[in-house]
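Understanding the architecture of this molecule
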Amino acid sequence: MNGLDGLCAPIERGNREKFVCEAEEVIFFKFCENEGDVQSTDDETNTFKPEFTHQVFGDQEVIFGYKGLKINMYYTVGSLKQYVKVQHSETVPVNSTVEPDNILHLISEQTPAGFTTNYNEFVMDMNKDKSFRPAGDLISSYKQDDKTFEIYHATFANPKFQEYHRRLQTFIIWYIDAASYIDDEDHNWNLYTLFEKVTSCGETRYKSIGFLSCYNYYCYPNKKRPRISQVLVLPPYQKCGHGAKLLTAMYDHACADPLVCDITVEDPSENFTRLRNFVDALKCSSLPSFQPDKLKEGFSKDMVTEAREKHKITAVQVRKIYELLRLRATDISNAEEYKKYRLEVKRRLNIPFQKEKKSLQKLEKFLQPQEYEAVLQSKSVDNQHEFLEKSYRDVELEYRKVIERLSAHVNV
């Protein structure tokens, strides 16, 4: 329990606030290669804050019992060995009926691989980190801004990778809302890890950049269906195109497996949906059935077949990519052409209303006339039209964001 929950009389209300800190404002992560990185207080190159803290410090996301609190969490750049340093100027008075939050204990509960609070031990970890090498099989590499990046595939059958993953996964608690750790004894998990390969003065070392996890589900009669679970590019490396590279590498690796039926996603966030649409649109845009002249003829079974066979994309996702690419091919200055596009998208968005209408017709048999009339009023045509129009605007806005990125991209 967070100490704030039990706060009571001996601390005056005015003083109470002085011992409460917003967790996300006092936690700092930093990747370190040497002692200078740890000791530097003004270098923010690799320093970043968490986005979520509720899974560690409770729903209120506050820490009680300290003034001038600062929680520094240092990581080695490759193996992600962790050093936690807690600093504060004052703690709640000892005569208080409430003890300050046990910060190290709360963090340790969400850190299965453990961490050190000993600086000298962390210095040794940094020295060992120079020889760290990624576990698994190299499946892809690329260059960006004169830097080299490599993507590896591994499963938990690899003990070295299992150990590394227990350190890597701690970031999801801070950066993916409501995230939970996966079972690292289950060999149906496939993990894709991204590293920067740095070569200097004849020596090579690796920096952890991000990861993607997916689970192999059964697909009748004798195939499997990978479902993407978690994707995270670490904060210092975000908005650089690494997520698209990672997702593309995972797709290519899965598509090379003849037993893979198609690739699905588990509860995608808005940002991941946009990333997925971008990668899928890139892949489909080179297929014959997705060329502009074909797009303007309307959605076809050929699109579903070709996208699934070539890129293992599901039928539902293919429909979205068709709409996105057709919008890109549509001349919106041509009123008739643009109207035709909008109507087609709205027909898809209207399908749930049509199903609901059929359900209401069946319901009429079991309701009194006045009851049925009340239900119809709550489902008025005006409300449906308003909802449909808003849904369409939201869809088009999302598509346009992806189209803008498609126009700006060089390669993936």
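Preceding this paragraph is the structure being described.
Parameters and conventions
Residues numbered from 1 in each chain as written. Predicted model: local features only at pLDDT ≥ 70, side-chain atom pairs only at ≥ 80, totals over all residues. Heavy atoms only, no water. Helix = DSSP H or I, 4+ residues; strand = E, 2+ residues; numbered from the N terminus. Contact = heavy atoms within 4.5 Å. Areas by Shrake-Rupley, 256 points an atom, 1.4 Å probe, with all protein chains shown as cover. Salt bridge = Lys/Arg side-chain N within 4 Å of Asp/Glu carboxyl O. Buried < 20%, exposed > 50% of the residue type's maximum accessible area, 1.4 Å probe, protein only. Disulfide = S-S within 2.5 Å. Pairing = 2+ DSSP bridges. Axes fitted to C-alpha atoms, helices over the stretch in contact; angles between N-to-C directions. Parallel < 35°, antiparallel > 145°, perpendicular 65-115°, else oblique. Nonpolar A, V, L, I, M, F, W, Y, C, P; charged D, E, K, R; others polar. Phe/Tyr/Trp six-rings, centres within 6.5 Å; stacked < 30°, edge-to-face > 60°. Lys NZ or Arg CZ within 6 Å of the ring centre and 35° of its normal. Core = buried A, V, L, I, M, F, W, Y, C linked by side-chain atoms within 4.5 Å. Polar contact = N/O pair within 3.5 Å; in protein donor to acceptor, adjacent residues only side chain to side chain.

**Some remarks on the overall build of the chain**
- When helices and strands are tallied, the chain shows 17 helices and 14 strands.
- For the chain, the proportion of contacts with a sequence separation of at least 24, taken over those separated by at least 6, is 67%.
- Just so you have it, the chain exposes about 22,100 Å², and 48% of that area is on carbon and sulfur atoms.

**Describing the pattern of salt bridges**
- Enumeration over the complete set of coordinates arrives at 26 salt bridges.
- One salt bridge connects glutamate 344 with arginine 319, and the closest N-O pair in it is separated by 3.9 Å. Here arginine 319 lies in helix 13 (residues 315-329) and glutamate 344 lies in helix 14 (residues 335-349), a separation of 25 residues in the sequence.
- Classification of arginine 319 by relative accessible area gives buried; the value is 16%.
- With a shortest N-O distance of 2.6 Å, lysine 346 and glutamate 389 are connected by a salt bridge. Here glutamate 389 lies in helix 17 (residues 381-408) and lysine 346 lies in helix 14, a separation of 43 residues in the sequence.
- Overall, lysine 346 belongs to the buried group, its relative accessible area being 18%.
- According to the relative accessible area criterion, glutamate 389 is partly exposed, its value standing at 31%.
- Through salt bridges with shared partners, a single network forms among Arg319, Glu323, Arg326, Glu344 and Arg348.

**Here's the deal with the state of the cysteines**
- With the rule as written, the count across this model stands at zero disulfides.
- There is no disulfide at cysteine 219, and the cysteine sulfur nearest it, in cysteine 261, is 3.2 Å away.

**Things to note about the sheet that holds strand 11 (residues 189-200)**
- Read across the sheet, six strands follow the order 9-10-11-12-13-14 without closing on themselves; strand pairing throughout is mixed. At either end of the open sheet lies a strand with only one pairing partner, and these are strand 9 (137-144) and strand 14 (264-265).
- Direction of pairing for strand 11 relative to strand 12 (residues 203-219): antiparallel, over a ladder of 12 bridges. Along strand 12, the bridge assignment pairs threonine 199 with threonine 204.

**Remarks on the packing of helix 10 (residues 270-284) against helix 13**
- Packing of helix 10 against helix 13 leaves a shortest axis separation of 10 Å and a crossing angle of 75°. Taken together, helix 10 and helix 13 sit at an angle that is classed as roughly perpendicular. Together, Arg276, Asn277, Asp280, Ala281 and Cys284 of helix 10 and Gln317, Ile321, Leu324 and Leu325 of helix 13 make up the contact between the two elements.
- Taken together, the residues of the contact of helix 10 with helix 13 break down into five nonpolar, two polar and two charged.

**Structural notes on the packing of aromatic side chains**
- Per the counting criterion, the structure on display carries 26 aromatic pairs.
- Considering the side-chain rings of phenylalanine 31 and phenylalanine 171, the 6.1 Å spacing of their centres and the 55° angle between planes classify their relative orientation as tilted. Placement of phenylalanine 31 in strand 2 (residues 27-32) and of phenylalanine 171 in helix 8 (residues 170-175) is noted, with a sequence separation of 140 residues between them. Here phenylalanine 31 matches phenylalanine 171 in class, with each residue buried.
- A centroid spacing of 4.6 Å and a plane angle of 35° characterise the contact between tyrosine 75 and phenylalanine 171, whose relative ring orientation is tilted. In this pair, tyrosine 75 sits in strand 6 (residues 70-76) while phenylalanine 171 sits in helix 8, placing the two residues 96 residues apart along the sequence.
- The exposure class of tyrosine 75 is buried, given its relative accessible area of 1%.
- For phenylalanine 171, a relative accessible area of 0% gives the class buried.
- Through pairs of rings, three or more aromatic residues link up here, namely Phe29, Phe31, Phe48, Tyr75, Phe171, Trp174, Tyr175 and Tyr237.
- Above the face of the tyrosine 217 ring, arginine 227 is positioned so that its terminal group lies 4.6 Å from the ring centre.

**Notes on the nonpolar core**
- Core analysis: the biggest nonpolar cluster contains 97 residues, and Phe57, Ile71, Phe171, Ile228 and Phe290 have the highest contact counts within it.
- Counting residues in each nonpolar core, the second largest holds seven residues, with Cys32, Tyr83, Phe122 and Val123 among its members.

**Quick look at the side chain of aspartate 129**
- Within the secondary structure, aspartate 129 sits in helix 6 (residues 119-129).
- Note on aspartate 129: relative accessible area 1%, which makes it buried.
- One polar contact links the side chain of aspartate 129 to the main-chain amide nitrogen of valine 77, over a distance of 3.4 Å.

**Observations regarding the sheet that holds strand 2**
- With mixed pairing, four strands are arranged side by side in an open sheet as 3-2-6-7. Each of the sheet's edge strands pairs with one partner strand only, and the pair in question is strand 3 (47-48) and strand 7 (82-87).
- Sheet topology places strand 2 next to strand 3; two bridges connect them, and they run antiparallel. Opposite lysine 30, over in strand 3, you have threonine 47 as the bridge partner.

**Let's talk about the environment of proline 226**
- Locating proline 226 in the fold gives a position in strand 13 (residues 223-233).
- Separated by 13 residues in the primary sequence, proline 226 and serine 213 have C-alpha atoms spaced 9.7 Å apart.
- Leaving out residues up to four positions away in the same chain, proline 226 has contacts with Cys214, Tyr215, Asn216, Met250, Val260, Asp262, Ile263 and Thr264.

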